Structure formats: C-alpha cells, structure tokens
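# Overview (structure and organization)
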Amino acid sequence: MAAPIEVAVCTDSSAQLWSCVVWELHSGANLLTYRGGQAGPRGLTLLNGEYLLAAQLGKNYISAWEVQRKDQLQQKIMCPGPVTCLTTSPNGLYMLAGIAESIYLWEVSTGNLLVILSRHYQDISCLRFTGDSSHFLSGGKDCLVLVWSLCSVLQVDSSRTPAPRHVWSRHTLPITDMHCGFGGPLARVATASLDQTVKLWEVSSGELLLSVLFDVGIMAVTMDLAEHHMFCGGSEGSIFQVDLCAWVFEPTGLFPCPTPQCPGPPGLRYSSALCSLASRPPQPGQREKSFQSEQDSGKVFKGHRNQVTCLSVSTDGSVLLSGSHDETVRVWDIQSKQCIRTVTLKGPVTNAFVMLAPVSMLSSDFRPRLPLPHFNRHLLGAEHGDEQRRGGLTLRLGLHQQSCNRQQIQGG
C-alpha cells in the first residue's frame, strides 16, 4: 500500500480562478480545484473524508463538494445567516457553524439542527473540535474562549440553557485563532488574540499553563503533532516559533527546567521522578513569558509582507505552511527557517492547512457512502420552519438511523 500523500488545501478571498485548490505539499503539483463562491476565514473543513465544506464569505450558505469530483457544481447548505466560521467533528457525525454570536450544531446523518448555543456576546471567530470529538471550543470577538462537552450539550434538558464546561476570559481583545492538540479531553489548546498574546490551556482542568506576550497582534497559531513547538503568525507578517520543550507543565503551574540534561522526554508532562523541580510550587509570573524578537531572532520566519492568516505543520514536523494577506502561501523548512516554496494566489489567503489526502480525494471511482441530507434551519421540534418527521421512533446508531412506525411496533 502506498504511503499517504500530504496535501495543502488553500482558499483566497477573490476566488477568480477557483474557490479552493489542493496541491501536493512537497512537490507543489496541483492536484484538484473546486469552483463556486468565496470561502471565508476559518470556514473550510473536510467532512468524513468525503465532502469539502466552505462557508461562503458574507453569505448565508455553505458550499459542499464531493472531494473526488472537481468538475461538479457545488451543493448548497442554506443557513439562518452569514457563517463566520465552520468545523466538523473528526468522527464525521456533527457539523458546527458560527452565525453571528451563536453556535449551530447539526447532526450530519439526518441534517437535524440539534441545538443553538448563545453564550457569546459578539460574533464567533473560530470553532474547533478535540481529536476524539468529545469536546469543542468556540472563540469570539468578545475575547472569550468557551469549552463545551458535546455529550452535555446533546443531553441537556430543553428547559435549561446549555452551559460550557470552562470559560476562558484571560484575553483582553478578540480571539483570532485556536489550535487543539491531541489527547481528547486531556488535550492542550493554544489561543491567539489581537491582545498580542498566545495562551496555552489544559482542557481537563481548564487551567492556564502559559501566556506568551509578543510585540504585535497574533492572527494565527498552530503546534506540531509532538507539541514541541508553537508557531504564531503576526499582524505584520512575521511567524514566531515558541519552543515548548524547554518548559515543564504541571497541574500546579509551568516553569522552565534548569537542567540541560533533564531526563524527561521533551514536550511531555514531567513528573517528580523525572525532574527535581516538579514538586516546587510555581512562583509569581512563571506562567508568563515575553517573546523578544531581537534575542530570539533565530526563531522568526520572515518573508510575508502582510498579516499571517493561517498556519499548519506537516505530519513529521519538518515543514510549516503559512497563508497571508499578501496573497501568497509559503512552505517553510522549520529547522533552517528558510522558505522553500511560494505559491501566489489572486487575493488575501483565507484558509491554508496541511492534511493527509483521504483515499476518496485521489480516486475518481469513489462515491460517498451517504448523500448529504437537507440541513434544517430550525431546531428539531420547532413549531415553525422545516418539516419535522412525525409518527416515528428514531434510534440513533452513529451515522445510521432506523425509524420504526409506531403502528408497526405495536402490531409486531
């Protein structure tokens, strides 16, 4: 079996040549293009490896393409208002959209709108799921990041308002980006803001682990898979690399390890058996760090001429992909900080990320296992709006549904 191909998926705000382009990350070969509309920032996502979804810039619909059929006209998912950000759960069961200050949660198999969450005070700017689909996070222009338990949201009583598991309110200006690491409910999350800081949080405890202050607003953030490094895109075009492996993460705080030959594996949580500092209580200010561009000049990627809007790292951690308002996507060698490829687009880059190409993307014979349903614009059971199914008992079985007529059940 051939090794998976890493691809870069990109969109720009002009969409003159195409709505979305897919190219091979290491060779730069153009593989696929999709046409129809302009994808907005944080508004491009892959659904179950079978559909590419794009929230249209300033429009009240989401475009959907079957990933292997580049020549098709896109399907449209109509929404109650313009979509500001979009994501899907890694297990392919749910879709989230930010519409103004509310979060809309759909069930993919049926198209039912299950819940509308309205706990933000201003427009939502980004949405992310944890890798196991158990939690999702929302960041907004109200400076808040909310952590939601999907199970709690789905099981909440209709008479009660769903509440987030954590409310992170340490940012002082709008949230611009978020990155969720591996570990499901034990994952660490990086949040970026116009307040010139990137903060690192722990989902399980809700604690703030680290806050890094820069001299510019931060528009994009990501980490490599091993979480050795955090990459932060600045409003003036620079990309800053923060080395996390030199810091010790503990439930009681975060502090640098003074032992150069510390036996603990880099990037992982240290225990008292591995590091003599692990049992020391944190001192004031140890969760805060300033990035000094002059002193840390070897940790800065320079080349973009305008704000960096999106960042993504290759699977092996050797290559960084960046998109910018200067209408270019750049591929960087992380070790040398050198740009090894520049792709010029026709407008400011709104989305750019690296992923392993699903089998369906490169196979012209592949067809989705399930067609996209009609996505309702109104809550399930609402008195007005889309028609609801009646007279049936629905058993939820993952991606599949089994509906039984009550008369058949009584007669069986």
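Residues numbered from 1 in each chain as written. Predicted model: local features only at pLDDT ≥ 70, side-chain atom pairs only at ≥ 80, totals over all residues. Heavy atoms only, no water.

## Description of the packing of aromatic side chains
Under the criterion given, the structure shown has eleven aromatic pairs. Here phenylalanine 129 and phenylalanine 136 contribute two aromatic rings whose centre-to-centre distance is 5.7 Å and whose plane-to-plane angle is 55°, an arrangement assigned as tilted. Both residues of the pair, phenylalanine 129 and phenylalanine 136, count as buried. Joined through ring pairs, the aromatic side chains of Tyr104, Trp106 and Phe375 make up one cluster. Above the plane of the ring of tyrosine 61 lies lysine 76, whose end atom (NZ or CZ) is 4.6 Å from the centre. (Phe/Tyr/Trp six-rings, centres within 6.5 Å; stacked < 30°, edge-to-face > 60°. Buried < 20%, exposed > 50% of the residue type's maximum accessible area, 1.4 Å probe, protein only. Lys NZ or Arg CZ within 6 Å of the ring centre and 35° of its normal.)

## Quick notes on the environment of serine 63
On the secondary structure map, serine 63 appears in strand β6 (residues 61–66). Here the alpha-carbon distance between serine 63 and alanine 39, two residues 24 residues apart in the chain, equals 8.5 Å. Excluding residues that lie within four positions of it along the chain, serine 63 makes contacts with Gly36, Leu52, Leu53, Ala54, Gln56, Gln74 and Gln75. Within the local environment of serine 63, its side chain forms a polar contact with the side chain of glutamine 56, the two groups lying 3.1 Å apart. (Helix = DSSP H or I, 4+ residues; strand = E, 2+ residues; numbered from the N terminus. Contact = heavy atoms within 4.5 Å. Polar contact = N/O pair within 3.5 Å; in protein donor to acceptor, adjacent residues only side chain to side chain.)

## Section: the sheet that holds strand β1 (residues 6–12)
With antiparallel pairing, four strands are arranged side by side in an open sheet as β3-β2-β1-β31. Only two strands of the sheet have a single partner each, and these edge strands are β3 (30–34) and β31 (349–356). Strand-to-strand twist in this sheet, taken as the mean axis angle between neighbours without regard to direction, amounts to 15°. In the sheet, β1 pairs with β31 via seven bridges, with the strands oriented antiparallel. The partner of threonine 11 across the bridge, within β31, is asparagine 351. (Pairing = 2+ DSSP bridges. Axes fitted to C-alpha atoms, helices over the stretch in contact; angles between N-to-C directions.)

## Here we look at the confidence of the model for the chain
For the chain, the mean per-residue pLDDT works out to 83, and 80% of the residues sit at or above 70. Across residues 248–255 the pLDDT falls below 50, and counting only partners more than four positions away or on other chains, this stretch makes 35 contacts in the model. In the model, residues 258–284 has pLDDT below 50 throughout and makes 41 contacts with residues more than four positions away in sequence or in other chains. (pLDDT = per-residue confidence, 0-100.)

## Describing the nonpolar core
Within the largest apolar cluster, 19 residues are counted, with the highest numbers of intra-cluster contacts made by Leu53, Ile62, Val83, Leu86, Met95 and Trp106. Setting aside anything within four residues of it in sequence, one finds leucine 53 in contact with Gly43, Leu44, Thr45, Leu47, Ile62, Ser63, Ala64, Ile77, Leu86, Thr88 and Met95. With 18 residues, the next largest nonpolar core counts Ala190, Leu210, Cys232 and Phe291 among its residues. (Core = buried A, V, L, I, M, F, W, Y, C linked by side-chain atoms within 4.5 Å.)

## Section: the environment of glutamate 24
Tracing the backbone shows glutamate 24 in strand β2 (residues 20–24). Here glutamate 24 falls in the buried class, since its relative accessible area comes to 15%. Linking glutamate 24 and alanine 8, residues 16 residues apart in sequence, is a C-alpha distance of 6.2 Å. The contacts of glutamate 24, once residues within four sequence positions are left out, are Ile5, Glu6, Val7, Ala29 and Leu31.

## Regarding the pairing of β6
Along β6, six of the six residues are buried, which leaves the element largely enclosed by surrounding structure. Burial of the side chains of β6 extends over both faces: Tyr61, Ser63 and Trp65 are buried on one face and Ile62, Ala64 and Glu66 on the other. Sheet topology places strand β5 (residues 51–56) next to β6; five bridges connect them, and they run antiparallel. Bridge assignment links leucine 53 to a residue of β6, and that residue is alanine 64. Counting the residues that bridge the hairpin from β5 to β6 gives four residues, and of these glycine 58 lies at a positive phi of roughly 70°. Relative to strand β7 (residues 75–78), β6 runs antiparallel, the two sharing four bridges. Following the sheet pairing, serine 63 is matched in β7 by lysine 76.

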